[in-house]
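Below, each chain spelled out in residue letters.
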Amino acid sequence: MKLSKIDLSNLVAIAHSDEYLQLLIDRGDEYECVAIPAPIQAYEGLQQLNAIVADSPALPSSSESIEMLPVSSSMADAVGYDPEEQVLQVEFHNGAVYQYYGVEADTWEELHEADSIGRFFNENIRGRYSSERIDDAYYTDDCCC
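Let us look at the structure shown here.

The rules we used
- Residue positions within a chain follow its written sequence, with the count starting from 1.
- The predicted origin of the model limits local features to residues at a pLDDT of at least 70 and limits the giving and counting of side-chain atom pairs to 80 or more, whereas totals for whole chains, interfaces and linings rest on all residues.
- Excluding hydrogens and water, the side-chain figures rest on all heavy atoms present in the structure.
- Working definition: helices are DSSP H or I runs of at least four residues, strands are E runs of at least two. Numbering for both runs from the N terminus.
- Burial classes follow relative accessibility: with a 1.4 Å probe on protein chains only, a residue under 20% of its type's maximum area counts as buried, one over 50% as exposed, and anything between as partly exposed.
- Here, two residues are considered to be in contact whenever any of their heavy atoms come within 4.5 Å of each other.
- Using a 1.4 Å probe, the Shrake-Rupley method yields the accessible areas, and only the shown protein chains count as cover for residues.
- Here, a salt bridge means any side-chain nitrogen of Lys or Arg that lies within 4 Å of a carboxyl oxygen of Asp or Glu.
- Strand pairing is defined by DSSP finding a minimum of two bridges between the two strands.
- For every element, the axis is a line fit to its C-alpha atoms; helices are fit only across the contacting stretch, and the angle between N-to-C directions ranges from 0 to 180 degrees.
- Here is the rule: rings of Phe, Tyr and Trp (six-membered ring for Trp) pair when centre to centre is within 6.5 Å. Planes less than 30 degrees apart are stacked, more than 60 are edge-to-face, and the remainder are tilted.
- Between N or O atoms, a polar contact is any pair within 3.5 Å; within protein, one atom must be a potential hydrogen donor and the other a potential acceptor, and residues adjacent in sequence are included only when both atoms are from side chains.
- Among the buried residues, those of types Ala, Val, Leu, Ile, Met, Phe, Trp, Tyr and Cys that are joined through side-chain atoms within 4.5 Å form a nonpolar core.

What about the overall build of the protein?
- Along its length, the protein carries three helices and eight strands.
- Ordered by position from N to C terminus, the α and β elements of the protein give β-β-β-α-β-β-β-β-α-α-β.
- Across the 145 residues in the protein, those meeting the buried criterion constitute 24%.
- A sequence separation of at least 24 residues applies to 33% of the contacts in the protein between residues at least 6 apart.
- Put simply, the protein shows about 10500 Å² of open surface, and 48% of that area lies on carbon and sulfur atoms.

Remarks on the pattern of salt bridges
- Tallied over the entire structure, the rule returns two salt bridges.
- We note a salt bridge from E32 to R27, for which the minimum N-O separation is 2.7 Å.
- Of the residues examined, E32 reaches a relative accessible area of 31% and is grouped as partly exposed.
- Among the residues examined, R27 registers a relative accessible area of 45% and is labelled partly exposed.
- The closest approach of N and O atoms between D135 and R133, which form a salt bridge, is 2.7 Å.

Observations concerning the sheet that holds strand 8 (residues 130-133)
- On the basis of which strands lie adjacent, the open sheet formed by five strands has the order 4-5-6-7-8 and antiparallel pairing. In the strand order of this sheet, the two ends are held by strand 4 (68-70) and strand 8, each with one partner. Going from strand to strand, the sheet's axes swing by 25° on average, the running direction of each strand aside.
- The sheet contacts of helix 2 (residues 105-113) involve strand 4, strand 5 (76-82) and strand 6 (87-92), and relative to strand 5 the element is tilted by about 155°.

Side note on the packing of aromatic side chains
- Counted according to the given criterion, the structure contains five aromatic pairs.
- Ring geometry for F92 versus Y98: centroids 5.9 Å apart, planes at 80°, classification edge-to-face.
- Relative accessible area serves as the criterion here: at 9%, F92 is assigned to the buried category.
- Cluster of aromatic residues (ring-pair linked, three or more members): F92, Y98, Y100 and F121.

Considering the sheet that holds strand 3 (residues 31-37)
- Read from one edge to the other, the open sheet built from three strands follows the order 1-2-3, with strand pairing classed as antiparallel. The two strands at the open ends of the sheet, each matched to only one other strand, are strand 1 (11-17) and strand 3. Sheet twist, expressed as the mean angle between neighbouring strand axes with direction ignored, is 20°.
- Lying on the sheet, helix 1 (residues 40-55) is in contact with strand 1 and strand 2 (20-26); it crosses strand 1 at an angle near 145°.

Overview of the side chain of H16
- The residue H16 is located in strand 1 in this model.
- Separated by 2.7 Å, the side chain of H16 and the backbone oxygen of A38 make a polar contact.
- Engagement of the side chain of H16 in a polar contact is seen with the backbone nitrogen of I40, the distance being 3.4 Å.
- Each residue touching H16, except ones within four places of it in the same chain, is listed here: L21, A38, P39, I40 and Y43.

Quick look at the nonpolar core
- Judged by nonpolar contacts, the single largest core of 17 residues is most densely connected at M75, L88, V90, Y100, L111, F121 and I125.
- Mapped by element, the contributors of at least two residues to this core are strand 5, strand 6, helix 2 and helix 3 (117-124).
- Formed by five residues, the second largest nonpolar core is a distinct cluster that contains L23, I25, A38 and Y43.

What follows is the structure, given as structure tokens:
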């Protein structure tokens, strides 16, 4: 089984008519109606999905993504910081993205201004803060559910 991450947040409404699934999509400045050939089961499946999602508890809110700043480092491509939540985000060269929680603003400033971001990170952040990997690396073709 292959999993794909999808974002249906711009999907406003669905309908099915004459063997076509009709989607109303919010494009920001206008609405677009898209029709794609599909059996009625596709429409029914989307209705079921909507019911499941509506009954699911809300995810923790992260309304704004953290602005990432490119860095010159042998360890990372970019770093970012959310001062309100005290979250440091690091995008490593291998594509992994981690968030570190409870990082004080002073530590962020010192990291951002360090001559060696990798050395500062290893000495002052890695292993000292709780962290979570937030990229989609765990979605693979081999995933079994």
